[in-house]
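Overview (structure and organization)
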Amino acid sequence: MFRMFFVALAWAGLSAASPVTRVTPVDPLRVSDDDFARHRDPTEWRGLAVSQLEFREERAAWRLWRIVNSRHRHGPLWFVPHDNENAGFEAALVAVRRYGGTVIAVDAGVAEDGVRTNRAVDYGRPVDPNRNFDSALPGYARRILADLPPDMPVIALHTNSRGFDTSESRCNRSDPPGSGVISIRYCDDVLTPSASRNRAWPWDDDDTVAFATYRTGAPRSSAFCGPEMVQADFNVVFERVVTSDRSLSNYAVLHGIRYLNFETRERGDAGLAESRNRLTHIVDRALALCVPRVKPVGP
């Protein structure tokens, strides 16, 4: 444990209490990281500026990849919180070229590359990067959201496992058991599904969903772009926020930030293109519905 602590400090070059963010421009063609290794064609990075952000807060050392469309900086903030969800990174790279803005991708490689959680901690359990949005840790959220223009949404991109934990669901409990809650067939006191009627691609998959979040006490229709996505026949899960679970979806709705979260099933390396294409299709349709002023600026 203590060895990890001192290794993290040495890596960051920062004290545990330091508010400093170290920003280092990097050449994406030379980055030793699995996400970048899949993209060694220089044409893919034309017009994009890439930097590495390093900082510490409380017990964790963090590293983020920041990818900016230098020609079209004013655009959505694309967030990829989990380093093991490769299709999210793939879709974000397509999206930032196509619509501009900035990608922030969490790099779990501080301690170990390509894993879900950040294990570069001084003590205690690893940290889920999407469960660290807490008013007690303001530096993390501030750094993640620093490039968000006030009139643009945050768009989070995820992949997930097949099925859902039927023991936790209030509906469809006879389904084959899975894990988690990410399915259009899952429901509980917080999550209410609205399934696609026609089940056209990409909504033919129960594990491909869009989340729309709203505050307790407000109507479900107040969720940003929720009614529009239902009308467009998306698989939409409405999330009611009571108290924050420290996720970005909860943080965003409690801070008045427009937020969308798109998920599709993890298909591994063999299905990476399929998962990426599902996410990029959803992004294209959702931006046309929710933020029509955001127009394509690239292929």
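Residues numbered from 1 in each chain as written. Predicted model: local features only at pLDDT ≥ 70, side-chain atom pairs only at ≥ 80, totals over all residues. Heavy atoms only, no water.

Quick notes on the overall build of the chain
If you tally the helices and strands in the chain, you get 7 helices and 10 strands. Relative to a compact globule of 299 residues, whose C-alpha radius of gyration would be 19 Å, the chain shows 19 Å and is just as compact. Across its three principal directions, the C-alpha atoms of the chain cover 55 × 40 × 40 Å. Out of the 299 residues belonging to the chain, those deemed buried represent 55%. Contacts in the chain between residues at least 24 apart in sequence constitute 69% of all its contacts with a sequence separation of at least 6. (Helix = DSSP H or I, 4+ residues; strand = E, 2+ residues; numbered from the N terminus. Rg over C-alpha atoms; globule rule 2.2 N^0.38 Å. Buried < 20%, exposed > 50% of the residue type's maximum accessible area, 1.4 Å probe, protein only. Contact = heavy atoms within 4.5 Å.)

Some points on the sheet that holds strand E9 (residues 236-241)
Read across the open sheet, the 10 strands follow the order E1-E2-E3-E5-E4-E6-E10-E8-E9-E7; overall the sheet is mixed. The open sheet terminates on both sides in strands that have one partner only, identified here as strand E1 (22-25) and strand E7 (191-194). When the angles between neighbouring strand axes are averaged without regard to direction, this sheet yields 25°. Bridging between strand E8 (residues 209-215) and E9 involves 6 bridges; their strand directions are parallel. Within E9, the residue paired with Tyr214 across the bridge is Arg240. In this fold helix H3 (residues 86-99) packs onto strand E2 (48-57), strand E3 (60-69), strand E4 (77-80), strand E5 (102-106) and strand E6 (154-160), with an angle of close to 170° to the strand it touches most, E4. Relative to strand E10 (residues 259-265), helix H7 (residues 272-290) is tilted by about 155°, and along the sheet it contacts E4, E6 and E10. (Pairing = 2+ DSSP bridges. Axes fitted to C-alpha atoms, helices over the stretch in contact; angles between N-to-C directions.)

Examining the nonpolar core
A general trend in soluble globular proteins is that nonpolar side chains are found buried together. Core analysis: the largest hydrophobic core is formed by 67 residues, its most contacted members being Ile67, Trp78, Phe79, Met229 and Phe262. With sequence-adjacent residues up to four places away left out, Trp78 is seen in contact with Ala92, Ala95, Val96, Tyr99, Gly100, Thr102, Val103, Ile104, Ile155, Val283 and Leu287. Within the second largest apolar cluster, 8 residues are counted, among which are Phe164, Tyr186, Val209 and Phe211. (Core = buried A, V, L, I, M, F, W, Y, C linked by side-chain atoms within 4.5 Å.)

A word on the environment of Arg30
Along the polypeptide, Arg30 turns up in the loop between E1 and helix H2 (34-37). By relative accessible area, which is 70% here, Arg30 ends up exposed.

Re the packing of aromatic side chains
Evaluated as defined, the whole model comprises 10 aromatic pairs. Here the aromatic rings of Phe36 and Trp45 are separated by 5.4 Å at their centres, their planes lie at 15°, and the arrangement is stacked. Residue classification places Phe36 among the buried positions, given a relative accessible area of 0%. Summarising the aromatic geometry, the rings of Trp78 and Tyr99 are spaced 6.4 Å apart at their centres and angled 35° between planes, so their arrangement reads as tilted. (Phe/Tyr/Trp six-rings, centres within 6.5 Å; stacked < 30°, edge-to-face > 60°.)

Considerations on the layout of surface pockets
Taken as a whole, the largest pocket encloses approximately 600 Å³ of empty space. For the largest pocket, the lining is made up of 28 residues, of which Arg116, Arg131, Val181, Ile182 and Glu263 are closest to its centre. Residue assignment for the lining of the largest pocket shows that the elements contributing at least two residues are E6, helix H6 (248-254) and E10. Partitioning the lining of the largest pocket into residue classes produces 7 nonpolar, 12 polar and 9 charged. Along the lines of polarity and charge, the residues of the lining of the second largest pocket split into 3 nonpolar, 5 polar and 4 charged. (1 Å grid on protein atoms, 1.4 Å probe; cavity = no way out; pocket = protein on both sides within 12 Å on 5 of 7 lines; lining within 4 Å. Points joined across faces, edges and corners; volume = space filled by probe spheres on them. Nonpolar A, V, L, I, M, F, W, Y, C, P; charged D, E, K, R; others polar.)

Read these as geometric descriptors, not functional statements.
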